[in-house]
Amino acid sequence: MSSVPELLTTPNAGRASSAAVIGRDREPVVFELSSPGRRGWSFRATGMPEWDAAELVADAHRNDAPPVLPEVSERDLVAHFTRLTSRNYSVDLGAYPLGSCTMKYNPKLCDVASSVPGLTGVHPAQPAEQTQGWLRLLAELEDVLCRVTGMTAATLQPAAGAQGELTGLLLMRAWHAAQGSVRTKVLIPDSAHGTNPASVTLAGYQTVEVPSDARGLVDLDALRELVDDEIAGLMLTNPNTLGLFETDIVEIARLVHDAGGLLYYDGANLNAILGEVRPGDMGFDIVHMNLHKTFAVPHGGGGPGAGPVAVAARLEEFLPGPRPALDAATNRYVWTTPPRSIGRIHGWHGNALALARAYSYILANGGDGLQRVAEAAVLNARYLKERLRDVFDFPYDEPCMHEFVGSAANVKKATGVKALDLAKRLIEEGFHPPTMYFPLIVDEALMVEPTETESPQTVEAMAQAFERVVAEARADGGAAAHAAPRTTPVSRVDEVLAAKQLRLRWTPE
Amino acid sequence: MSSVPELLTTPNAGRASSAAVIGRDREPVVFELSSPGRRGWSFRATGMPEWDAAELVADAHRNDAPPVLPEVSERDLVAHFTRLTSRNYSVDLGAYPLGSCTMKYNPKLCDVASSVPGLTGVHPAQPAEQTQGWLRLLAELEDVLCRVTGMTAATLQPAAGAQGELTGLLLMRAWHAAQGSVRTKVLIPDSAHGTNPASVTLAGYQTVEVPSDARGLVDLDALRELVDDEIAGLMLTNPNTLGLFETDIVEIARLVHDAGGLLYYDGANLNAILGEVRPGDMGFDIVHMNLHKTFAVPHGGGGPGAGPVAVAARLEEFLPGPRPALDAATNRYVWTTPPRSIGRIHGWHGNALALARAYSYILANGGDGLQRVAEAAVLNARYLKERLRDVFDFPYDEPCMHEFVGSAANVKKATGVKALDLAKRLIEEGFHPPTMYFPLIVDEALMVEPTETESPQTVEAMAQAFERVVAEARADGGAAAHAAPRTTPVSRVDEVLAAKQLRLRWTPE
Amino acid sequence: MGHYVPHTEAELAAMLGFLGLESLDDLYAHIPDAVRLAGGLDVAPGASESDVLARIDALGAANQPAAGGFVSFAGFGAYEHELPAAVRALTFRSEFVTSYTPYQAELSQGVLQALFEYQTMISSLFGLDVANASLYDGASAAVEGLNLAAAATRRKVAWVSAAVHPNVREVIRTLTAPRLELREAPIVDGVTRWPDDLGDAAAVLVAYPNVLGCLEDVADAARRAHDAGALLVAYADPVAAGLLRSVGSLGADVAVGEGQPFGTPLGFGGPYVGLFATRQAPYVRRWLPGRLVGETLDADERRAYVLTLSTREQHIRRADASSNVCTNQTLIAIAAAIHLAWLGSSGLRELAVRCARGARYAREQLVRIPGVEPLADTPTLYEFGLRTPVPAATVLERLAEEGYLGGVDLAPHYPELGNALLLAVTETRTKAEVDGFAAAFEKAVR
Amino acid sequence: MGHYVPHTEAELAAMLGFLGLESLDDLYAHIPDAVRLAGGLDVAPGASESDVLARIDALGAANQPAAGGFVSFAGFGAYEHELPAAVRALTFRSEFVTSYTPYQAELSQGVLQALFEYQTMISSLFGLDVANASLYDGASAAVEGLNLAAAATRRKVAWVSAAVHPNVREVIRTLTAPRLELREAPIVDGVTRWPDDLGDAAAVLVAYPNVLGCLEDVADAARRAHDAGALLVAYADPVAAGLLRSVGSLGADVAVGEGQPFGTPLGFGGPYVGLFATRQAPYVRRWLPGRLVGETLDADERRAYVLTLSTREQHIRRADASSNVCTNQTLIAIAAAIHLAWLGSSGLRELAVRCARGARYAREQLVRIPGVEPLADTPTLYEFGLRTPVPAATVLERLAEEGYLGGVDLAPHYPELGNALLLAVTETRTKAEVDGFAAAFEKAVR
Ligand SMILES: Cc1ncc(COP(=O)(O)O)c(C=O)c1O
Ligand SMILES: Cc1ncc(COP(=O)(O)O)c(C=O)c1O
């Protein structure tokens, strides 16, 4: 027998592609599956003249060779990425009680809605006459989002919550400028999400932190001290990131408004209050929504989402353009740009297909359904929190809304087991962990948001899993938790090494 | 704190739905997720009068309650079935060298082709005038299948290979009847697939086994003895189920034809000879194809496939009807039923959407591509067999075609480790096992068919995995192999218990 | 040339070199020249993905689909139903789509458990003990039902109601011709008139509802069958099971049917799925056709699933197998299971009720039209026949011009019924659509 | 009422009972009445899945899509390309679609590794060391590029070529207004004319090819930028990278761009994906915006991936973060990676070549038409401008009637160019289509 051809065994000349079922094995990087000259692509027959590269591009501009990319068969491509998916948890696999993220079930209906060719095939620069369906969809979505938030007008351009925040702050800026007032600071509670201060900086403002009081709510006295004629406004999440409703909201709004500031609503937690309370009715002037939280746009491993911003009447003229509007005379939709627009936020019209998902989700639920969504979300969280009363500390123990923050400080003190370890151990019990170490004002924070789409039984099972894991830690001194997770494609990863070696792209060995 | 509501913890009143990533856990039966009164369904608003059940159906016919089905949310439904998929291997996850099954990559293109609304939305009883696209597709597919097999006409109705066999045997029967000849027996090699004799019985014939000779081919002498005027024909797979080409095919055909019999081609192994050899040119009169093998219709966990039957000119008049035909006068497609048709085989026109898949696969590959498919399939198998020369016995050692059969008898003798154990151990190495214990004429048979879509590197990796597994068995006396598989959602299952307890449906505990 | 073979020229050369061969052609050197094909296939060369899809799109555009094109009232054994997005998405998970028959149980728990759930649901629908893991289609399931009866009774005669779908009866004729003797019981006023003496029948086959939509007296048919020592095989509509008594409770020994309404589009007639259920004892162990999933334990005593009773099957029992079926319709069965679980008990009832409401409303509107009469006085559920003053084919042609697929012409199948049209109304039809249809119908029958 | 909340009435009661509450309303009892909404939302009640899809279908039908409807020559930053079926199928695997940002690395190796591969491919396309794991779109990537330059140089002035897409420039203006000072360099004969003195610029932003399809002298721009102590930020077309020198090799410090051509349909402009790459040192550790995946080991020393350098990011560094981006466009990035791997080196080259061939052919046919002239004499790749004898809007209207989306009217963006039309030709256009288009064009410009 001849010897095995080297070509078939050298690393980086096309690795084998197969996997143990739900491989615990390391999966090759797609470049490692590459074999020079292999190809899976095909292109339509066009009948075009077959000019070669040199005839098409002058030497000065032409590369010598195309960029290095993997050369794999379609079969290996499919196997590779399918195996990658088998190494990933998802809402579709089970509960995902990740606080602040609203990992609810994303109806399959919305996948279909956002992939109809009449929507996906439309070029964003086509004239409005050719895109009446899209303009109508966007206009109706703006309208319903305003109804849900109690605002007057909206822009759908921001691609995510953080971009919504920046948009909102730029609106704030434009409004103050129009008033002829120069403001330099934006107030933000210490419990706020990191995007809030980061957006403030990008908007050219300075962040001023408002402390929380013993209840976990905005410290009214401190707020009174902080509001002055330098503040452009206050950014608030309500319910806040502790899952608590800011019950002093009317007074907060009064204080900010009296000082000439605007009130910004971070809509990350809107899921808790749909149909029950509206930001507009609480006095907010600017509201962003995370459609990928409240309105079931799937998170896609980190995006895309959509972060529309709705505003009170007095801010409408500053909104980004173009916006869709129904022309009463012709009964056709047209694009309009508000007179004092801050300008575009997005290269086109926002994450349009994500907007179509949210639109279909809203149609399916309706006003009544959205309210039920909020109620069930709060009920699940309230139930789970009560079930865990003896398991965790609750430094801020007001009635929770759609999520709650427990502290594992008690567990850590008794056993040395940190929130992180408990989280990793919970994975082995079949649940995605809660958000860890946020908000910053809670020690060993575990932020739990079951969402409304989990059944009561699943919520109860989560409670039991938490109980088990904590009881075990108390019993074994953390042996199991420290070793966790052991049921995942990889065990505990080394974050420090990653930052140290900084391998950010694949290179041949 | 009140006590936990029973409703949330009783088994069979809605289990929790979540899973460790790629859970090794047991997955509840969907009925166990059920909670009475829960629902995920919705139906379009129709405006119909809302007559109730009693107004619609008389008592004598109306049930008291609808059948028991699981009552789950769409969210739990999605999680459950997604988790089920995470407990299943597939071609899309890796190599699947299951002999006789041709588990090649199923191009995603064909998924799209078979789901265009212009094909999926058509009712099978619509008049031909409304279904010209479908008739044309079917007519063109018949034509190209005839070109590939070297036959004259075909029926696309059979839903799978076995139904194709029965169809072919009924054609045989009809042909003999038309000749006024009464035949009672059908010859089948001892290496044949079990569907062959089973189909023979259903066609009202008796099976007569033809032994294989030392080469693993039809024993010509034995055949000469067996052919007589009682034989209706011979069913042959070529290459046969040992992966060997019946090189005496011309003589075999002569013997059968001289005795007044017909030659039936079991097309399960057609993948080996596309564009190289045609059944028609070998003298076959009737050919079934397994489109789910050769033409990449995915196996779907066991089906649906499609088993068209193509025939020589003299058998055309007996084919099942209706068949699509182009009416020369009007240039429109019409349905026609052959004059002496044996009758319908399928309730409608066969597994039409599976046929559309095969059609698109053939268009994509073309005549040149199909030939390359066969060549690469044979090359992969030949290579792998040679690589395993020292690992297994090869009792029939002619040059193999697209698959080969090794015997683990040597391993069993030395170590007690059976083919079954090696197969289970191979799973842990990341490969689906080969077909085991078939064909019956090879002891401890392992039948390996890599298919053409596996890369040379994957084929080499398979070779190394076999080597490792056998070497390990020789070293550890089978300890690892007997315990295998340990990386799968369940470990070795107890088949005997299943047959004994015969739990064939879920019942509440 | 296609683009799915991964081998580069260098790799081909390396592998051939390893084998001591010079060309791909050498792989076929041992095959007699006489049978080798010179010059390759006379088939057009390969095309790109886009070009193939363009061709497919063109073929699709050459059809006028019932669903999505027409407003359709066609039934006759294939029904337009709402197809929930979740059902499609789950069914087409590639682990289901691209796996083989679950022979390696440890690698196939997903498919096995899904089929176990399917078996449970189908047996529940029919009120019988055990369902198999699918057959090709309703027609082949009917054949297998008669085969089981023949094997179990060791008899050869089967009585088939003329009100069983004509295509199903034709398939039965084709596939049982070498082995069984068929007798047909006629239709009188929409239902089967059984002979007083069934002789030494192995089986009696009745449809419920029957092809005309009419509700047969299944209990009576069962009594007659059992009195004669035969089995009752019921060809039962699974959607109707949401409202009607189960055929098992009415005495059927075997239930067969077409599972298309659950999870599968019209698709020009396939792939659909043949439903098959029966009583556990004495039929399952020896005579049940097709694959069967059973619950068991793994080596660690965890619940697991595995194909069982394979001793009945062709790959073990060969010529004496209970059936020749091997590849079946697993994926379609899984789709049906997912759809049935999406519906649940209440949804299945609701579905059946909605179909029945639509049919009653449509029927009431249509029989008001002068000259249009019900085909029979027997109660129907969601499919019904009408007698029209002009040939049904003419009515259908005129309706097609107005955008309606008005049903199916019964004349080719039941010439004795005269101008007869069969209509089905499912949950997909709105009152407004029916009203429009009735108006168009009135014109079309003039 | 929707149908996605699983709680039955009995379960609601049980849970409320556990909490000592009587109604769902009680959950909100602590909220001041003054802000409670009485009477629920003024939004239509929930609809069934079918009804929602019917509404969506109607909206889709009210559009005339560029892809699938028109024969399109529109580009201008959004391109119709062939979308391989495998790319769509893999992208929409629900594990990718329904997972969150991979904060829990052990549960997220699939997304993390896919992003690591994406980073590798994007840095390869641009000839730079490191790419991040995606930004919102090309426009926001350009903003982040300028922000990085400003942070790294501690300067505030950015020179932006007028031949950068006008929408991108507008977004830059909007988002940098509070912090940066923008200067615009004009277009002369299709390319940017840079001023001799760039002052104390932080950044120079050039597009390659630019919005008019013309090939800028990137190396020259880089030299100028570097001479002034500024960074060169290149807004680079990733398809063109198949044929053109990489912007990294031409001296760009940061490459940004729009990743839509890979794996993403036109979709009315989103979601797309912002590409971002730069040199590792000194930019990555402190100033790189967005998420970054790094290779590491797990506790068993197996290769693994994890989000890294999060100290740059908002959730750690808050007000001092390198950017405020949190949710990005991961799924679209994964789609791009899958598409790029499907293409491979040879496929990307072939794609670029085919686009360029089509464009050259179309350009040649169109400039033959009397009165039609190229907008500039500068070489182009697959997008080019034409001056037409009648306003481009009129041409487009006339072409639309013939079934062509003839390009994009440049007049609203560059009035100084007169009657100017921008056309792109991708691999999707056949010669026959171009011939038909040229004929229609000839009529349309009369
Ligand atoms: C409270 C809060 N605010 C803002 C954001 C930022 O939203 P996005 O990720 O959509 O940019 C988040 C996201 O997690 C959040 O939880
Ligand atoms: C050699 C052979 N013949 C016949 C068949 C039966 O084909 P099907 O499963 O399509 O009924 C098979 C299927 O495995 C086979 O391998």
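Preceding block: the structure.
Quick look at the structure, then. (Residues numbered from 1 in each chain as written. Chains lettered and ligands numbered in written order. Predicted model: local features only at pLDDT ≥ 70, side-chain atom pairs only at ≥ 80, totals over all residues. Heavy atoms only, no water.)

### Observations concerning the overall build of chain C
Let me state the cut-off plainly: A run of H or I in DSSP counts as a helix once it spans at least four residues, and a run of E counts as a strand once it spans at least two, with each numbered from the N terminus. A simple rule labels every residue: compare its accessible area, found with a 1.4 Å probe on the protein chains alone, to the largest value its type can have, and call it buried under 20%, exposed over 50%, or partly exposed in between. When charges are tallied, Lys and Arg are placed among the positive residues and Asp and Glu among the negative ones, while His and the ends of the chain are skipped. To locate a charge, the coordinates of NZ of Lys, CZ of Arg, CG of Asp or CD of Glu are taken.
When helices and strands are counted, chain C shows 13 helices and 17 strands. Dimensions of chain C, computed from C-alpha atoms along their principal axes, come out at roughly 85 × 55 × 50 Å. Evaluated residue by residue, chain C yields a buried proportion of 70% over its 446 residues. Positive and negative side-chain charges in chain C, numbering 36 and 52 respectively, have mean positions lying 8 Å apart.

### Structural notes on the overall build of chain A
Formally: Radius of gyration: C-alpha atoms only; globule rule: 2.2 Å multiplied by the number of residues to the exponent 0.38. Here the accessible surface of atoms and residues is derived via Shrake-Rupley with a 1.4 Å probe, and residues count as covered only by protein chains that are part of the display.
Within chain A, the secondary structure is distributed over 17 helices and 12 strands. The globule rule puts the C-alpha radius of gyration for 509 residues at 23 Å, and the 26 Å found for chain A is close to it. Projecting the C-alpha coordinates of chain A onto the three principal axes gives extents of approximately 90 × 70 × 45 Å. Scored against the burial criterion, the 509 residues of chain A give a buried share of 71%. Taken as a whole, chain A presents about 13800 Å² of accessible surface, with 50% of it coming from carbon and sulfur. In chain A, which carries 45 positive and 62 negative side-chain charges, the distance between the mean positions of the two groups comes to 4 Å.

### Focus: the site of ligand 1
Note the cut-off: Throughout, the term near means that a residue has one or more heavy atoms lying within 4 Å of the molecule or strand in question. By the criterion applied in these results, polar contacts are pairs of N or O atoms within 3.5 Å in which, for protein atoms, one can donate a hydrogen and the other can accept it, and in which residues neighboring in sequence qualify only through two side-chain atoms.
What surrounds ligand 1 is a group of 15 residues, the closest being Ser100(A), Gly161(A), Asp266(A), His292(A) and Thr327(D). With respect to ligand 1, the chains having nearby residues are chains A and D. A distance of 2.7 Å separates an oxygen atom of ligand 1 from a polar backbone atom of Ala162(A). Within the side chain of Asp266(A), a nitrogen or oxygen atom sits 2.6 Å from a nitrogen atom of ligand 1. Contact with the protein chains hides 99% of the accessible area of ligand 1, taken as 390 Å² for the molecule alone. Residue assignment for the shell around ligand 1 shows that the elements contributing at least two residues are α6 (161-179) and α11 (291-294) of chain A. Ranked by the residues each element gives to the shell around ligand 1, the list is headed by α6(A), at 3 residues.

### A few points about the packing of helix α14 (residues 419-428) of chain A against helix α15 (residues 456-476) of chain A
Residue and element names in this part refer to chain A. Here is the rule: The axes used here are C-alpha line fits, helices contributing only the stretch in contact, and every angle between their N-to-C directions lies in the interval 0 to 180 degrees. Note on angle classes: values under 35 degrees are labelled roughly parallel, values over 145 roughly antiparallel, values of 65 to 115 roughly perpendicular, and the remainder oblique. For a crossing to be left-handed, the near helix must be turned anticlockwise from the far one by less than a right angle; the clockwise case is right-handed. The criterion used for residue contact is that any of the two residues' heavy atoms lie within 4.5 Å. Note on residue categories: nonpolar means Ala, Val, Leu, Ile, Met, Phe, Trp, Tyr, Cys or Pro, charged means Asp, Glu, Lys or Arg, and polar means any other residue, Gly included.
Here α14 crosses α15 at 125°, and the two axes come no closer than 10 Å. With respect to each other, α14 and α15 are oriented oblique. Classified by chirality, the crossing of α15 by α14 is right-handed. Mapping the contact onto sequence places Leu422, Arg425 and Leu426 in α14 and Ala465, Phe466, Val469, Val470, Glu472 and Ala473 in α15. Classifying every residue of the contact of α14 with α15 by side-chain character gives 7 nonpolar, no polar and 2 charged.

### Structural notes on the interface of chain C and chain B
It is common to report an interface's size as the accessible area lost on association of the parts. What counts here: Buried surface area refers to the total accessible area, computed with a probe of radius 1.4 Å, that the two partners give up upon joining, counted for both partners together. Here, a salt bridge means any Lys or Arg side-chain nitrogen found within 4 Å of an Asp or Glu carboxyl oxygen.
Between chain C and chain B, the contact holds 184 residues from the first and 207 residues from the second. For the chain C and chain B pair, buried surface summed over both sides reaches about 16900 Å², with 63% attributable to carbon and sulfur atoms. Looking only at chain C, the three residues that lose the most surface to chain B are Glu106(C), Phe268(C) and Arg318(C), adding up to 6% of its buried area. Where chain C meets chain B, there are 9 salt bridges. Our count for the contact surface shared by chain C and chain B stands at 110 residue pairs in polar contact (both at pLDDT 80 or more). In terms of residue count, helix α11 (residues 330-367) of chain C provides more of the side of chain C that touches chain B than any other element does, 24 residues in total. Partitioned by chemical class, the residues of the side of chain C that touches chain B number 96 nonpolar, 52 polar and 36 charged.

### Let's talk about the packing of aromatic side chains
What describes a pair of aromatic rings is the distance from one ring centre to the other and the angle between the planes of the rings. Stated precisely, the cut-off is as follows: Aromatic rings from Phe, Tyr and Trp, with only the six-membered ring used for Trp, were paired whenever their centres fell within 6.5 Å, and each pair was classed as stacked if the ring planes differed by under 30 degrees, edge-to-face if by over 60, and tilted otherwise. When the NZ atom of lysine or the CZ atom of arginine is within 6 Å of a ring's centre and also within 35 degrees of its normal, the charge is said to sit over that ring.
Taken as a whole, this structure holds 38 aromatic pairs over all chains when the rule is applied. Ring centres of Tyr105(B) and Tyr4(C) lie 6.1 Å apart, and the angle between their planes is 55°; this geometry places the pair in the tilted category. Taken together, the residues Tyr105(B) in the loop between α2 (74-85) and α3 (108-113) and Tyr4(C) in the segment before α1 (9-19) connect one chain to another. Ring geometry for Phe295(B) against Tyr361(B): centres 6.5 Å apart, planes inclined by 70°, an arrangement best described as edge-to-face. Taken as a pair, Phe295(B) in the loop between β6 (286-289) and β7 (309-311) and Tyr361(B) in helix α11 (residues 352-387) lie far apart in primary sequence, 66 residues in all. Taken together, the ring pairs in this structure connect Phe73(C), Tyr404(C), Phe437(C) and Phe441(C) into an aromatic cluster. One residue, Arg173(A), lies across the ring of Tyr205(A), its end atom 5.0 Å from the ring centre. Arg360(C) extends its terminal NZ or CZ atom over the ring of Trp51(B), reaching a point 4.0 Å from the ring centre.

### Focus on the site of ligand 2
Within the structure, ligand 2 sits among 15 residues, and Ser100(B), Gly161(B), Asp266(B), His292(B) and Thr327(C) are positioned closest to it. Looking at the residues close to ligand 2, they fall on chains B and C. Between a nitrogen atom of ligand 2 and a side-chain N or O atom of Asp266(B), the distance comes to 2.6 Å. A distance of 3.4 Å is found between an oxygen atom of ligand 2 and a side-chain nitrogen or oxygen belonging to Tyr100(C). Here ligand 2 loses 99% of its free accessible area of 390 Å² to cover by the protein chains. Tallying contributions element by element places helix α6 (residues 161-179) of chain B first for the shell around ligand 2, with 3 residues. Classifying every residue of the shell around ligand 2 gives 5 nonpolar, 7 polar and 3 charged.

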